[in-house]
Amino acid sequence: TDVAFSADGSMLATTGVDGFLKVWDPSDGALLTEVSGDGEARGPSFSDDGELAAAAWPDDGSVQIVSTSSDRVVRTFGDLLGANATSLGPGGARIAVSTVRLGKTDRFSQLYLVDVASSERVLVEELPSDDPPEIADVAWSPDGDLVAAGANANLMIWEAATGELLYRLSGHTRFITSVDWQPDPSRRVLVSGGEDGTARVWRIGEAVATETMSLSSSEMTNVTGVAFSLDGTRVMT
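Residues numbered from 1 in each chain as written. Predicted model: local features only at pLDDT ≥ 70, side-chain atom pairs only at ≥ 80, totals over all residues. Heavy atoms only, no water.

**Focus: the side chain of S62**
Phase 1 of the analysis: Within the secondary structure, S62 sits in strand 7 (residues 62–67).
Phase 2 of the analysis: Of the polar contacts made by the side chain of S62, one reaches the side chain of D60; its length is 2.9 Å.
Phase 3 of the analysis: For S62, the contacting residues outside a window of four places in its chain are A55, A56, W57, F77, G78, L80 and A83. (Helix = DSSP H or I, 4+ residues; strand = E, 2+ residues; numbered from the N terminus. Polar contact = N/O pair within 3.5 Å; in protein donor to acceptor, adjacent residues only side chain to side chain. Contact = heavy atoms within 4.5 Å.)

So this is what it looks like as C-alpha coordinates:
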(Lines give C-alpha, C1' and ligand atoms only; values in the text may rest on other atoms or scores of the structure.)
Protein backbone atom coordinates (compact mmCIF):
# COMPACT_ATOMS: atom_id res chain seq x y z
CA THR A 1 0.00 0.00 0.00
CA ASP A 2 2.93 2.38 0.58
CA VAL A 3 6.72 2.65 0.90
CA ALA A 4 9.15 4.87 2.83
CA PHE A 5 12.93 5.16 2.92
CA SER A 6 14.84 5.97 6.09
CA ALA A 7 16.58 9.36 6.02
CA ASP A 8 19.98 7.89 5.10
CA GLY A 9 18.52 5.45 2.55
CA SER A 10 19.80 2.38 4.38
CA MET A 11 16.33 0.96 5.11
CA LEU A 12 13.07 0.67 3.20
CA ALA A 13 9.70 0.20 4.90
CA THR A 14 6.70 -1.28 3.10
CA THR A 15 3.08 -1.80 4.16
CA GLY A 16 0.63 -4.17 2.52
CA VAL A 17 -2.86 -5.58 2.36
CA ASP A 18 -1.42 -8.68 4.04
CA GLY A 19 -1.34 -6.66 7.27
CA PHE A 20 2.45 -6.42 7.56
CA LEU A 21 4.87 -3.56 8.08
CA LYS A 22 8.20 -4.83 6.77
CA VAL A 23 11.61 -3.14 6.96
CA TRP A 24 14.19 -4.16 4.37
CA ASP A 25 17.84 -3.56 3.51
CA PRO A 26 17.47 -2.16 -0.04
CA SER A 27 21.07 -3.01 -0.92
CA ASP A 28 20.52 -6.77 -0.83
CA GLY A 29 16.77 -7.24 -0.22
CA ALA A 30 17.25 -8.74 3.25
CA LEU A 31 14.23 -8.51 5.57
CA LEU A 32 15.35 -6.71 8.73
CA THR A 33 12.15 -6.69 10.78
CA GLU A 34 8.40 -7.10 10.42
CA VAL A 35 5.26 -6.58 12.48
CA SER A 36 1.66 -7.49 11.67
CA GLY A 37 -1.79 -6.24 12.63
CA ASP A 38 -5.46 -6.80 11.80
CA GLY A 39 -6.47 -5.81 8.28
CA GLU A 40 -4.25 -3.97 5.82
CA ALA A 41 -1.30 -1.86 6.96
CA ARG A 42 -0.80 1.69 5.68
CA GLY A 43 1.30 4.86 6.05
CA PRO A 44 4.84 3.73 6.99
CA SER A 45 7.37 6.21 8.38
CA PHE A 46 10.80 6.32 10.03
CA SER A 47 12.23 8.52 12.76
CA ASP A 48 15.00 10.77 11.44
CA ASP A 49 17.71 8.60 13.03
CA GLY A 50 16.20 5.39 11.63
CA GLU A 51 15.85 3.81 15.08
CA LEU A 52 12.05 3.59 14.85
CA ALA A 53 9.57 2.65 12.15
CA ALA A 54 5.80 3.05 12.36
CA ALA A 55 2.65 2.15 10.46
CA ALA A 56 -1.14 2.30 10.84
CA TRP A 57 -3.84 -0.38 10.71
CA PRO A 58 -7.12 1.40 9.82
CA ASP A 59 -9.48 -1.51 10.45
CA ASP A 60 -8.70 -1.89 14.15
CA GLY A 61 -7.54 1.70 14.70
CA SER A 62 -4.02 0.84 15.80
CA VAL A 63 -0.58 2.31 15.22
CA GLN A 64 2.54 0.30 16.01
CA ILE A 65 6.08 1.59 16.45
CA VAL A 66 8.91 -0.92 16.11
CA SER A 67 12.60 -0.61 17.00
CA THR A 68 14.61 -1.34 13.88
CA SER A 69 17.68 -2.36 15.91
CA SER A 70 16.03 -4.68 18.44
CA ASP A 71 13.16 -5.97 16.26
CA ARG A 72 10.77 -5.18 19.10
CA VAL A 73 7.45 -3.30 19.15
CA VAL A 74 8.11 -0.42 21.52
CA ARG A 75 4.68 1.23 21.47
CA THR A 76 1.14 0.47 20.31
CA PHE A 77 -1.73 2.96 20.17
CA GLY A 78 -5.07 1.21 19.88
CA ASP A 79 -7.75 3.90 19.76
CA LEU A 80 -7.22 5.59 16.40
CA LEU A 81 -9.98 4.09 14.25
CA GLY A 82 -9.44 4.81 10.57
CA ALA A 83 -5.72 5.63 11.01
CA ASN A 84 -4.22 5.75 7.54
CA ALA A 85 -0.96 7.72 7.66
CA THR A 86 1.89 8.21 10.15
CA SER A 87 4.86 10.56 10.44
CA LEU A 88 7.43 10.17 13.21
CA GLY A 89 8.78 13.51 14.40
CA PRO A 90 12.47 14.33 14.89
CA GLY A 91 14.06 12.01 17.44
CA GLY A 92 10.95 9.84 17.43
CA ALA A 93 9.54 11.63 20.47
CA ARG A 94 6.18 12.32 18.85
CA ILE A 95 4.19 10.88 16.00
CA ALA A 96 1.56 12.47 13.78
CA VAL A 97 -1.33 10.22 12.78
CA SER A 98 -4.17 11.04 10.41
CA THR A 99 -7.49 9.24 10.52
CA VAL A 100 -10.57 9.04 8.34
CA ARG A 101 -13.80 7.85 9.95
CA LEU A 102 -17.21 7.27 8.46
CA GLY A 103 -20.17 8.38 10.56
CA LYS A 104 -23.79 7.43 9.98
CA THR A 105 -24.36 10.39 7.69
CA ASP A 106 -20.95 11.93 7.03
CA ARG A 107 -17.18 11.48 7.02
CA PHE A 108 -14.67 13.32 9.13
CA SER A 109 -10.90 13.39 9.49
CA GLN A 110 -8.70 14.08 12.46
CA LEU A 111 -5.01 14.72 12.96
CA TYR A 112 -3.43 13.51 16.19
CA LEU A 113 -0.04 14.38 17.64
CA VAL A 114 0.89 11.70 20.15
CA ASP A 115 3.72 11.60 22.68
CA VAL A 116 5.45 8.25 22.04
CA ALA A 117 6.75 7.74 25.58
CA SER A 118 3.57 8.57 27.48
CA SER A 119 0.97 7.79 24.78
CA GLU A 120 -0.59 11.18 25.60
CA ARG A 121 -2.33 12.88 22.72
CA VAL A 122 -0.82 16.34 22.81
CA LEU A 123 -3.04 17.58 19.99
CA VAL A 124 -6.31 16.43 18.53
CA GLU A 125 -7.31 18.49 15.49
CA GLU A 126 -10.69 17.84 13.87
CA LEU A 127 -10.64 19.19 10.38
CA PRO A 128 -13.39 21.53 9.11
CA SER A 129 -16.82 19.94 9.29
CA ASP A 130 -18.44 22.02 6.55
CA ASP A 131 -16.46 20.12 3.91
CA PRO A 132 -15.11 17.01 5.62
CA PRO A 133 -11.66 16.41 4.11
CA GLU A 134 -9.74 13.20 3.76
CA ILE A 135 -6.04 13.08 4.63
CA ALA A 136 -3.94 10.65 2.59
CA ASP A 137 -0.50 11.72 3.84
CA VAL A 138 1.08 13.67 6.69
CA ALA A 139 4.68 14.90 7.08
CA TRP A 140 6.70 16.42 9.92
CA SER A 141 9.12 19.20 9.02
CA PRO A 142 12.82 18.33 9.56
CA ASP A 143 13.14 20.97 12.32
CA GLY A 144 10.15 19.49 14.16
CA ASP A 145 8.24 22.77 14.27
CA LEU A 146 5.55 22.12 11.63
CA VAL A 147 3.24 19.35 10.52
CA ALA A 148 1.80 19.34 6.99
CA ALA A 149 -1.05 17.37 5.46
CA GLY A 150 -3.19 17.50 2.38
CA ALA A 151 -6.89 17.81 3.20
CA ASN A 152 -8.84 17.23 0.01
CA ALA A 153 -7.44 19.92 -2.34
CA ASN A 154 -6.01 22.12 0.44
CA LEU A 155 -2.50 21.96 1.87
CA MET A 156 -2.74 22.52 5.63
CA ILE A 157 0.16 23.34 7.95
CA TRP A 158 0.04 23.36 11.74
CA GLU A 159 2.45 24.61 14.38
CA ALA A 160 3.45 21.41 16.19
CA ALA A 161 3.96 22.96 19.63
CA THR A 162 0.56 24.64 19.88
CA GLY A 163 -1.58 22.89 17.29
CA GLU A 164 -2.41 26.22 15.68
CA LEU A 165 -3.40 26.03 12.03
CA LEU A 166 -0.96 28.39 10.31
CA TYR A 167 -1.82 27.94 6.64
CA ARG A 168 -4.58 26.50 4.49
CA LEU A 169 -3.13 26.77 1.00
CA SER A 170 -5.04 26.45 -2.24
CA GLY A 171 -3.60 25.65 -5.65
CA HIS A 172 -4.44 22.04 -6.26
CA THR A 173 -7.84 21.51 -7.83
CA ARG A 174 -8.28 17.92 -6.74
CA PHE A 175 -7.40 15.62 -3.84
CA ILE A 176 -3.81 15.91 -2.49
CA THR A 177 -2.28 12.43 -2.30
CA SER A 178 1.26 13.03 -1.01
CA VAL A 179 3.45 15.61 0.76
CA ASP A 180 7.18 15.74 1.54
CA TRP A 181 9.53 18.29 3.12
CA GLN A 182 12.92 19.24 1.75
CA PRO A 183 15.46 17.52 4.10
CA ASP A 184 17.40 20.70 4.98
CA PRO A 185 15.89 21.94 8.31
CA SER A 186 17.08 25.49 7.65
CA ARG A 187 14.83 25.74 4.57
CA ARG A 188 11.12 25.23 4.96
CA VAL A 189 10.27 23.93 1.51
CA LEU A 190 7.46 21.47 0.86
CA VAL A 191 6.23 19.54 -2.18
CA SER A 192 2.69 18.27 -2.65
CA GLY A 193 1.21 16.03 -5.34
CA GLY A 194 -2.41 15.54 -6.28
CA GLU A 195 -5.04 13.93 -8.45
CA ASP A 196 -5.09 17.09 -10.59
CA GLY A 197 -1.89 15.83 -12.24
CA THR A 198 0.40 18.42 -10.66
CA ALA A 199 3.18 18.53 -8.09
CA ARG A 200 3.59 21.90 -6.40
CA VAL A 201 6.57 23.25 -4.46
CA TRP A 202 5.93 25.69 -1.60
CA ARG A 203 8.17 27.92 0.51
CA ILE A 204 6.84 28.23 4.05
CA GLY A 205 7.90 31.52 5.67
CA GLU A 206 7.26 32.97 9.11
CA ALA A 207 4.34 35.09 7.95
CA VAL A 208 3.55 33.94 4.42
CA ALA A 209 3.64 30.77 2.36
CA THR A 210 4.08 30.93 -1.41
CA GLU A 211 3.94 28.46 -4.26
CA THR A 212 7.29 28.63 -6.05
CA MET A 213 6.90 25.94 -8.72
CA SER A 214 4.26 23.78 -10.37
CA LEU A 215 5.20 20.64 -12.25
CA SER A 216 2.74 19.10 -14.67
CA SER A 217 2.62 16.92 -17.72
CA SER A 218 -0.06 15.58 -20.00
CA GLU A 219 0.96 12.10 -18.84
CA MET A 220 0.60 12.99 -15.15
CA THR A 221 -3.12 12.38 -14.81
CA ASN A 222 -2.82 11.42 -11.14
CA VAL A 223 0.24 12.07 -8.95
CA THR A 224 0.22 9.39 -6.27
CA GLY A 225 3.57 10.18 -4.64
CA VAL A 226 6.18 12.94 -4.33
CA ALA A 227 9.62 12.94 -2.70
CA PHE A 228 12.67 15.19 -2.38
CA SER A 229 16.15 13.84 -3.04
CA LEU A 230 18.44 13.66 -0.01
CA ASP A 231 20.31 16.82 -1.07
CA GLY A 232 17.02 18.68 -1.61
CA THR A 233 17.81 19.70 -5.20
CA ARG A 234 15.39 17.35 -6.99
CA VAL A 235 11.81 16.21 -6.72
CA MET A 236 10.50 12.86 -7.94
CA THR A 237 6.84 12.29 -8.78
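**Thoughts on the pattern of salt bridges**
It is possible for side chains of opposite charge to pair when their charged atoms get near one another.
Phase 1 of the analysis: Scanning the entire structure with this criterion turns up eight salt bridges.
Phase 2 of the analysis: The salt bridge involving D143 is made with R188; its shortest N-O contact spans 3.1 Å. With D143 in the loop between strand 13 (135–140) and strand 14 (146–151) and R188 in the loop between strand 17 (176–181) and strand 18 (189–194), this residue pair connects regions lying 45 residues apart in the sequence.
Phase 3 of the analysis: Note on D143: relative accessible area 27%, which makes it partly exposed.
Phase 4 of the analysis: A residue is classified by how much of its surface remains accessible, and R188, at 18% relative accessible area, is buried.
Phase 5 of the analysis: Taking the shortest distance from any N to any O, the salt bridge between R174 and E195 comes out at 3.8 Å. Separated by 21 residues along the polypeptide, R174 in the loop between strand 16 (165–169) and strand 17 and E195 in the loop between strand 18 and strand 19 (198–204) bring together distant segments of the chain.
Phase 6 of the analysis: The class for E195 is partly exposed, based on a relative accessible area of 25%. (Salt bridge = Lys/Arg side-chain N within 4 Å of Asp/Glu carboxyl O. Buried < 20%, exposed > 50% of the residue type's maximum accessible area, 1.4 Å probe, protein only.)

**Considering the sheet that holds strand 8 (residues 72–77)**
Phase 1 of the analysis: An order of 5-6-7-8 is seen for the four strands of this open sheet, with the pairing classed as antiparallel. At either end of the open sheet lies a strand with only one pairing partner, and these are strand 5 (42–46) and strand 8. Taking the axes of each pair of neighbouring strands and ignoring which way they run, one obtains an average angle of 20 degrees across the sheet.
Phase 2 of the analysis: Pairing geometry for strand 7 and strand 8, over five bridges, is antiparallel. Looking across to strand 8, one finds that V63 is bridged to F77. (Pairing = 2+ DSSP bridges. Axes fitted to C-alpha atoms, helices over the stretch in contact; angles between N-to-C directions.)

**So, the environment of S192**
Phase 1 of the analysis: The topology assignment puts S192 in strand 18.
Phase 2 of the analysis: Taking relative accessible area as the criterion, S192 reaches 0% and is therefore assigned buried.
Phase 3 of the analysis: Residues S192 and G150, 42 residues apart in the sequence, show an inter-C-alpha distance of 7.8 Å.
Phase 4 of the analysis: With near-sequence residues (within four places) excluded, S192 lies in contact with L155, H172, I176, S178, V179, T198, A199, R200, W202 and V226.
Phase 5 of the analysis: A distance of 2.8 Å separates the side chain of S192 from the side chain of H172, its partner in a polar contact.
Phase 6 of the analysis: A polar atom in the side chain of S192 sits 2.9 Å from the side chain of W202.

Functional significance is not addressed by these values, which are geometric in nature.
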